[in-house]
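Fold and contact review
Below, each chain spelled out in residue letters.
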Amino acid sequence: MSNEKHTMKNATIELMRFIFASAIVLFHTGRDVWKKRKIVGTIGAFKISFFRRGYYGVEFFFLLTGLLMAASIWRTMESQKAARVPVGEETVFFLSRKSKAIAPFYLTACAMMILVNLWQGTPLKKIAEKLPSILFLNRFGFTKEKLLTVAWYLAAMLIALAVVYPLCRKFYGTFTTLIAPLVGLTLLGILVHETGDLVEINERFLFTYKMNLRAIAEISLGATCFEIARRLENKPFSDGKRLLFSLIAAGGYLGTLMYMASFAPKRKGWIVILFLCPALVITWSRIGLIGRSGVLQRKFFLFLGSLSLPLYLFQNIPRAVVPVVLKNARPGVRAVSAYLLSLALALIACCAQKMHHRCQTPVVQSAPEGSDPRGAK
């Protein structure tokens, strides 16, 4: 893809990151307060739930991770340094960058969860048993205790990237056009056929947790999405076709959200892959009329996207605190309050990180006339 077109983040994708992260959090907060099916509204014969299937928002993030991974590999391959770094070393460097981006929010959420556990009166021994999960050791099967339950997603993502990245980097063309779609669809089909659905994060399948195979499959498909988007980006299309592409992308996102808010059986959840893959291809390549116009390229959407990770990670804290503080409030009030408090924590964390980055950024001063700038400290 042209570097000029993707020097900035794609604001539409950032907006969708926020929306899907919100859907996941609302699913959890709703499940915390409603034991039975809760209908929050109807549109004709369509009954709307409180994001009863909101956990399928994770599919968006796995696919997007694969797309961004392939985009990073493509940029590396185009650079002059690409052939100088061994694939293994490059993979470690990629995972290191990913981990460093996640660490501030993740470790803060873990520390806050320890405080919540102490506030709840959890014995110190029990808290100590949960600490190995900070290193994701529970997701390898060494322990069942977990401090931050939602951290399973990060573990699955990093494990999948460690497997998929070197394959994609070593065999980019063959992987993105042949291996990735074949392996991705085959793995997802096996999971659905043998286990009934794509979810159940604590269920093991064959030699590992089911979620790890789910992540490998969808990150692989995300890499294929990038390659398709890269090839479509510079092709000439009429305004009519571009409008059609925009409608397909909007329909893909809307269809996914409708499924997540529906009472459809979870065994049909694989359909969101069919919705999201073309939507991501069109959004990333900007071949749609809306994407080409740049009407959605707004800084506010970029800001919302930056809230998605901390919003997801901090949700456990309000979900533990709100039921106690607002125990006499209506279930809907507790569910929405937990979401809003999660959003507030995410906002504070993002602002704090930005302030930290500003403090760490050196101020470049112009050298006095006649001095040697190379000697300036």
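For the structure, see preceding data.
The text that follows walks through the structure, step by step, so that each part is easy to find. No experiment lies behind these values; they were computed from the predicted model shown. (Residues numbered from 1 in each chain as written. Predicted model: local features only at pLDDT ≥ 70, side-chain atom pairs only at ≥ 80, totals over all residues. Heavy atoms only, no water.)

**Details of the overall build of the chain**
Going by this rule: Put simply, DSSP marks the helices as runs of H or I at least four residues long and the strands as runs of E at least two long, and each gets a number from the N terminus on. Buried means the residue's accessible area, taken with a 1.4 Å probe over protein chains only, is under 20% of the maximum for its type, while exposed means over 50%, and partly exposed covers the values in between. Note on areas: Shrake-Rupley, 1.4 Å probe, and residue coverage restricted to the protein chains presented here. The convention is simple: Lys and Arg are positive, Asp and Glu are negative, and His and the chain ends are not counted. Charge coordinates come from a single atom per side chain, which is NZ of Lys, CZ of Arg, CG of Asp or CD of Glu.
Helices and strands together make up the secondary structure of the chain, namely 13 helices and 4 strands. Seen along its three principal axes, the alpha-carbon backbone of the chain occupies a region of about 70 × 55 × 45 Å. Sorting the 377 residues of the chain into buried and exposed places 47% on the buried side. As displayed, the chain has an accessible area near 19700 Å², and 65% of this comes from carbon and sulfur atoms. With 48 positive and 19 negative side-chain charges, the chain shows a spacing of 7 Å between the two charge centroids.

**Considerations on the pairing of strand β1 (residues 39-43)**
Formally: A pair of strands is considered paired only if DSSP assigns at least 2 bridges between the two.
Here β1 pairs with strand β2 (residues 46-49) via 4 bridges, running antiparallel. Among the inter-strand pairings, Ile39 is bridged to a residue of β2, identified as Ser49. Hairpin geometry of β1 and β2 is characterised by an intervening segment of 2 residues between the two adjacent antiparallel strands and by a positive phi of about 65° at Gly44.

**Let's talk about the side chain of Arg169**
Quick note on the threshold: Whenever a nitrogen or oxygen atom comes within 3.5 Å of another N or O atom, the pair is scored as a polar contact, on the condition that within protein one atom can donate a hydrogen and the other can accept it, and that pairs from neighbouring residues in sequence are kept only if both atoms are in side chains.
For Arg169, the position within the fold is in helix α5 (residues 152-170). At 2.8 Å, the side chain of Arg169 and the side chain of Glu90 are in polar contact.

**Comments concerning empty space enclosed by the protein**
In plain terms, the rule: A 1.4 Å probe that fits into a set of points on a 1 Å grid over the protein atoms alone but cannot get out defines a cavity; an open set with protein on both sides within 12 Å along at least five of seven lines defines a pocket, and lining residues are those with an atom within 4 Å of a point. Grid points are joined across faces, edges and corners, and a volume is the space filled by probe spheres set on the points. Three categories are distinguished: nonpolar for Ala, Val, Leu, Ile, Met, Phe, Trp, Tyr, Cys and Pro, charged for Asp, Glu, Lys and Arg, and polar for the others, with Gly belonging to the last.
Under the criterion given, the structure shown has 1 cavity of 30 Å³ or more. The space that makes up the largest cavity amounts to roughly 50 Å³. Together, Ser133, Phe136, Asn138, Arg139, Lys146, Leu147, Leu148, Thr149, Ala151 and Trp152 line the largest cavity. Of the residues in the lining of the largest cavity, the class split is 5 nonpolar, 3 polar and 2 charged.

**Things to note about helix α9 (residues 271-285)**
To be explicit about the condition: What a helix is expected to span follows from its residue count: subtract one and scale by 1.5 Å. The contact rule is simple, with two residues in contact once any of their heavy atoms fall within 4.5 Å.
Taking 1.5 Å of rise per residue, 15 residues should cover 21 Å, and α9 covers 22 Å from first to last C-alpha, within 8% of that figure. The buried count for α9 comes to 11 of 15 residues, which makes it a mostly enclosed element. Of the positions making up α9, those classed as buried are Val272, Ile273, Leu276, Cys277, Ala279, Leu280, Val281, Ile282, Thr283, Trp284 and Ser285. On its buried face, α9 is in contact with α1 (11-33), α2 (57-78), α6 (172-195), α7 (210-232) and α8 (239-260). Looking at the residues trailing α9, positive phi occurs at Arg286, about 60°.

**Re the environment of Val199**
Looking at where Val199 falls in the secondary structure, it is placed in the loop between α6 and β3 (204-205). Classification of Val199 by relative accessible area gives buried; the value is 8%. Remark: the alpha-carbon pair of Val199 and Ala264, spanning 65 residues in sequence, is separated by 14 Å. Non-local contacts of Val199, meaning those with residues more than four positions away in its chain, are made with Tyr55, Tyr56, Lys210, Arg214 and Lys266.

**Considering the layout of surface pockets**
The space that makes up the largest pocket amounts to roughly 1200 Å³. Lining of the largest pocket is provided by 39 residues; of these, Lys9, Glu14, Arg17, Leu68 and Lys98 occupy positions nearest its centre. Put simply, the parts of the chain that give the lining of the largest pocket at least two residues each are α1, α2, α3 (87-119), α5, α11 (299-314) and α13 (331-360). Here the lining of the largest pocket gets 8 residues from one element, more than from any other, and that element is α11.

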